[in-house]
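Per-entry structural report
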Amino acid sequence: MKKKILYSCFLVLTVLSCNKPDIRLDNPNNSLRPAAEFIRNNYAFSLFSAAIVKAGLEEELNKPGTLTIWAPADAAFNRIGIRSAEDFGKYTTDSLRKLVLNHVQPGKLAVENIPVGTVNNRYDNAAGSNAWLARIDITPEPNFPNKIIRAYVNGAQVGINNRYNIPLSNGIFHEISEVLKYEDVSIREWLVKKGHYKVLIAGLKHFGYWNMLTDDKQWTIMAPADSVFEKQGITVESVLQLDTATYGKRLFGSYIFPVRFFISDLGLFNHKLWINSGSYIRIGIYTPIIGDEKFSNGISTFGVTGYDGPVFFVNKTFPQESWEINYWVPYPDFYNNWNRSNHLTRNGCVHHLGGLVFLPDQVRD
């Protein structure tokens, strides 16, 4: 489908107890508790507490020292299918320890100490993997007299419900919007392991992209599942029959970005620009398609004419007289399906995509 759009601005970005009190910033705990005890005594984090106990980490997280806790509330666990402590039974002790320790960072880090105006600030967490932090400050304006801080860790917003910078006897506590997802595998291993990306994998292999996705670079994959392809009659067998000299590489190369990013990176900057300018400013990721550089793929925080929402798109690469989005698909997961986005791996990130930007007949060269 073809749509035209004029962009104002575009940036490239290379267990349970009903008696447990909830956290209140206006009623601070003057008798500071260590991390695991603090979490156990706050009802909103009963599932995180259950994970800590089942992983055998309660004593470790109560030890003297300095820790930063990135804490998902029960609602965040619910979004990934964890609704009771029994649901952690599907995890091994080792995998549950890693899940918890991905939310623990050595040292005490207040939100204000995250470098302002940046994304991709790397910190090591207690699981031995990376925590990528981002922060944008929105300066006071007449309609917004108080400075607003927007901070994220691995794509999850920090300070949901104003729960952040809460002191512990052994560190500091921040609530985050989602359970952090990290697997110590490559993107290729992640796609194979999940088992429902066979058509995408076949296409990446057939058009020469699979071997490129190595650990020496960081990547982002927008990943349609097999069911998305099959709705259009595309199967592994039909992909392997495509003549690579006839069909443009963008048929599958469009789903690859040669840079790791979290979906929240887009909204972080857009929020600042909207507050400071008073108008919506379209902003996104935009890169030439590897091996098919006459076209570029991108994600915009706002849609095209007739669709109000983020889009994943492909169009002719700069320079152009005006923006013309040649092919696009809605990307609603940007807002409401966190468990399908921000899957961090050793060499990049995977985000589920609910549609296809191209059908084979649209990329005949």
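Residues numbered from 1 in each chain as written. Predicted model: local features only at pLDDT ≥ 70, side-chain atom pairs only at ≥ 80, totals over all residues. Heavy atoms only, no water.

1. Some points on the sheet that holds strand β10 (residues 182-183)
The strand order across the open sheet formed by five strands is β10-β17-β18-β11-β12, and the pairing between neighbours is mixed. Of all the strands in the sheet, the pair left with one neighbour each is β10 and β12 (256-257). As defined by bridge partners, strand β11 (residues 219-223) adjoins strand β18 (residues 348-352) across five bridges and the pair is classed as parallel. Bridge assignment links Thr220 to a residue of β18, and that residue is Cys349. With respect to the sheet, helix α6 (residues 187-194) is in contact with β10, β11, β17 (343-345) and β18, its orientation differing from that of β18 by roughly 35°. (Pairing = 2+ DSSP bridges. Helix = DSSP H or I, 4+ residues; strand = E, 2+ residues; numbered from the N terminus. Contact = heavy atoms within 4.5 Å. Axes fitted to C-alpha atoms, helices over the stretch in contact; angles between N-to-C directions.)

2. A short note on the sheet that holds strand β6 (residues 148-153)
The strands making up a sheet associate through backbone hydrogen bonding, with each pair oriented either parallel or antiparallel. Taking strand neighbours across the sheet as the criterion, the four strands line up as β4-β5-β6-β7 in an open arrangement whose pairing is antiparallel. Edge positions in the sheet fall to β4 (118-124) and β7 (156-157), since each of these pairs with one other strand and no more. As paired elements, strand β5 (residues 130-138) and β6 share six bridges and run antiparallel to each other. Counterpart to Leu133 in the pairing with β6 is Val153.

3. Side note on the pairing of strand β9 (residues 171-176)
Successive residues of a regular strand alternate their side chains across the two faces of the sheet. Extensive coverage of β9 is indicated by the burial of six of its six residues. Bridge analysis of strand β2 (residues 67-72) against β9 gives six bridges, and the strand direction is parallel. Among the inter-strand pairings, Ala71 is bridged to a residue of β9, identified as Glu175. With three bridges joining them, strand β8 (residues 166-168) and β9 adopt antiparallel strand pairing. Considered in β9, the bridge of Ile166 is made with Phe173. Two successive antiparallel strands, β8 and β9, enclose a turn made up of two residues. (Buried < 20%, exposed > 50% of the residue type's maximum accessible area, 1.4 Å probe, protein only.)

4. Notes on the confidence of the model for the protein chain
Per-residue confidence for the protein chain gives a mean pLDDT of 84; residues scoring 70 or more make up 79%. Segment residues 1-29: pLDDT under 50, and 76 contacts once partners within four positions in sequence are set aside and those in other chains are kept. In this model residues 272-281 is a low-confidence stretch, pLDDT under 50, and it forms 22 contacts with partners more than four residues away in sequence or in other chains. (pLDDT = per-residue confidence, 0-100.)

5. Quick notes on unusual backbone geometry
Backbone geometry places Asn154, a non-glycine residue, at a positive phi of 45°. By relative accessible area, which is 7% here, Asn154 ends up buried. Unusually for a residue other than glycine, Asn161 sits at a positive phi of about 60°. Looking at where Asn161 falls in the secondary structure, it is placed in the loop between β7 and β8.

6. Focus on the environment of Phe313
Mapped onto the elements of the fold, Phe313 is located in strand β15 (residues 311-316). On a C-alpha basis, the gap between Phe313 and Ser296 in space is 8.4 Å, while along the polypeptide they are 17 residues apart.

7. Focus: the packing of aromatic side chains
Within the structure shown, the criterion is met by 13 aromatic pairs. Ring centres of Phe38 and Phe173 lie 5.1 Å apart, and the angle between their planes is 65°; on these two criteria the pair is classed as edge-to-face. Remark: Phe173 occurs in strand β9 and Phe38 occurs in helix α1 (residues 35-40); sequence separation between them is 135 residues. Neither residue differs from the other here; Phe38 and Phe173 are each classed as buried. An aromatic cluster of three or more residues is present, and its members are Phe48, Phe77, Phe88 and Tyr91. A cation sits over an aromatic face here: Lys249 above Tyr209, 4.8 Å from the ring centre. In this structure, Arg250 is placed above the aromatic ring of Phe295, and the distance from its NZ or CZ to the ring centre is 4.0 Å. (Phe/Tyr/Trp six-rings, centres within 6.5 Å; stacked < 30°, edge-to-face > 60°. Lys NZ or Arg CZ within 6 Å of the ring centre and 35° of its normal.)

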